[in-house]
Amino acid sequence: METAKTRKQDGPTEMGTMHRRRFLKSAAAAGAGLIVLRSGALGAGAPSKKLNIAMIGTWGRAGAHFRTASKENIVALCDVDENHLASAAKKFPKAKTYVDWRNCLDHKGLDAVICCTTDHTHAFIANWSLNRGLHCFCEKPLGNTVEEARVVRANYLKNKNKLATQVGMQRHAIENFNRVRELVLDGAIGELSAAYAWGNRQLRRKGYLPAQGQPPSHLHYDLWIGPSPFHPYNPGYFTGGPGSNCLRWNMFWDFGSGQVGDMGSHTMDLAWNALDADLPTTAEGEGEKFNPDVTPVELHMSWDIPANDWRPGIRVHWYQGGPMPKSPKNYVDLKRIGHGAMFKGSKGFLVADFNSRILMPYGRQSDLTYYKPRTKDTVIPPLGHFQEEWTNACKGNLKTSCDFDYGGKMIEMMLLGMVAYRIGKKLNYNGKTGRVTNNTKANALLSRKYRTGWTLNG
Ligand SMILES: NC(=O)c1ccc[n+]([C@@H]2O[C@H](COP(=O)([O-])OP(=O)(O)OC[C@H]3O[C@@H](n4cnc5c(N)ncnc54)[C@H](O)[C@@H]3O)[C@@H](O)[C@H]2O)c1
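Residues numbered from 1 in each chain as written. Predicted model: local features only at pLDDT ≥ 70, side-chain atom pairs only at ≥ 80, totals over all residues.

What follows covers the environment of K108. Tracing the chain through its elements places K108 in the loop between α4 (101–104) and β4 (112–115). The exposed category is assigned to K108, around which 11 C-beta atoms lie within 10 Å. Distance from K108 to A76, taken between C-alpha atoms, is 9.6 Å for residues 32 residues apart in sequence. (Helix = DSSP H or I, 4+ residues; strand = E, 2+ residues; numbered from the N terminus. Buried ≥ 20, exposed ≤ 12 C-beta atoms within 10 Å, placed from the backbone.)

In structure tokens, the structure reads:
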């Protein structure tokens, strides 16, 4: 039986066997016409074959996918900026090029999609990919609203016996994530009662940028706006360097969720990975004055997370842009950790950044005799290369560390916190129905309206 301690320790051989069984089952079902896979789909069990991949968003963050993608067949490239498209086409000359991802997803023979576009299109591209029987790697965050995160996660759960997914939270592959998880799970700080994550990035903007000039001829600006309400063109949305242009648009509500979806996706993951958490039952949020254009810089959100099989119910907190959790001891200056996490237990604290951790046993009972470090053969094995974990999963056991269930739940919690911040009241939440049970206005903020012609479920 799987226990909390063994959950992340399946060896490759075991997973391979499990997978082969699942594949035979899927193949039988497909024969009966029960599974719709695209003609080029590898399905499972064909690890030596290359994947036929569409890359949507081909510049900036996409560059971090080129090395892994080059080992597969890049058959389609899509970008709303024809200059970016042309530059990627030089690298992948055999690929057909598209400017509209809706057409790209209908490219014949696709197996999988890598999505590196603006945040406000992620849930669309991810959901449409799953609807077409395509494996999907989606850059973080998986969605911009609670509804988007839920729709994509539910679709994945329906398809998880045939599709592999991964949210781009690649820091998850840093081995410190496993070490932190082991310390929490194995009781190094006693019984867990709270977890905190924070980030110090401050990108202040007043409002959407004013209309300035015309979009250049190589940029399909209306497609860039996509499903979001129209905002006039301003070159300021496009002046960031490769991989950091997201910092030019992700703080605006219609394009992103600010640092919540940005560094929040990575830093909350450091905590989330050690919690085995389900959706929260409450959400609270406080921060700077609400700006209808721009997401808050200064923000503190918190949630009640239900008990699971190895710990009681806990409080989880997110702080950004200034507000910080209280340090357990004034000789530990948490502000020196730009992006970090802390765990509070009955016998002490654990403080971590992405690469290191400090354990602070606390109080008279904390002599550490209650805690047994793992033996070498029981430590959680490294997951290896994050992008390759997904390409291998597409061709193999379908198992990834940050699938749309894991990443979807985490971002749903964070986005619900932003709704609580907007409402300014403690919300009670039913994770099964995805509804706030004590505030009607909050329910209206769980989703957003799309421009005519755009549907999340296409
Ligand atoms: N995992 C990480 O560490 C990490 C790091 C940086 C960025 N990101 C994520 O990657 C994504 C892209 O960030 P970026 O800085 O590269 O942004 P960017 O603005 O440079 O966009 C990347 C590319 O996507 C194209 N694009 C935008 N919208 C498109 C659409 N609808 N269809 C097709 N192409 C489209 C752009 O023209 C550009 O070529 C963001 O969601 C961001 O959160 C993740």
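Read from one edge of the open sheet, 9 strands run β13-β12-β11-β7-β10-β9-β8-β14-β15, paired in mixed fashion. Either end of the sheet is taken by a strand with one partner, and the two such strands are β13 (357–361) and β15 (435–436). Alignment of strand β14 (residues 427–430) against β15, held across 2 bridges, turns out to be antiparallel. Note that in β15 the partner of Y429 across the bridge is V436. Of the strands in this sheet, β7 (192–199), β11 (339–345), β12 (348–352) and β13 are in contact with helix α7 (residues 175–185), which crosses β12 at around 175 degrees. (Pairing = 2+ DSSP bridges. Contact = placed C-beta atoms within 7 Å. Axes fitted to C-alpha atoms, helices over the stretch in contact; angles between N-to-C directions.)

Right, let's get into the site of the ligand. Taken together, 29 residues lie near the ligand, and G57, W59, G60, R61 and N245 sit nearest. Listed by contribution, the elements that provide at least two residues to the shell around the ligand are α5 (119–131) and α8 (221–225). In the shell around the ligand, the residues fall into 9 nonpolar, 13 polar and 7 charged. (Near = placed C-beta within 6 Å. Nonpolar A, V, L, I, M, F, W, Y, C, P; charged D, E, K, R; others polar.)

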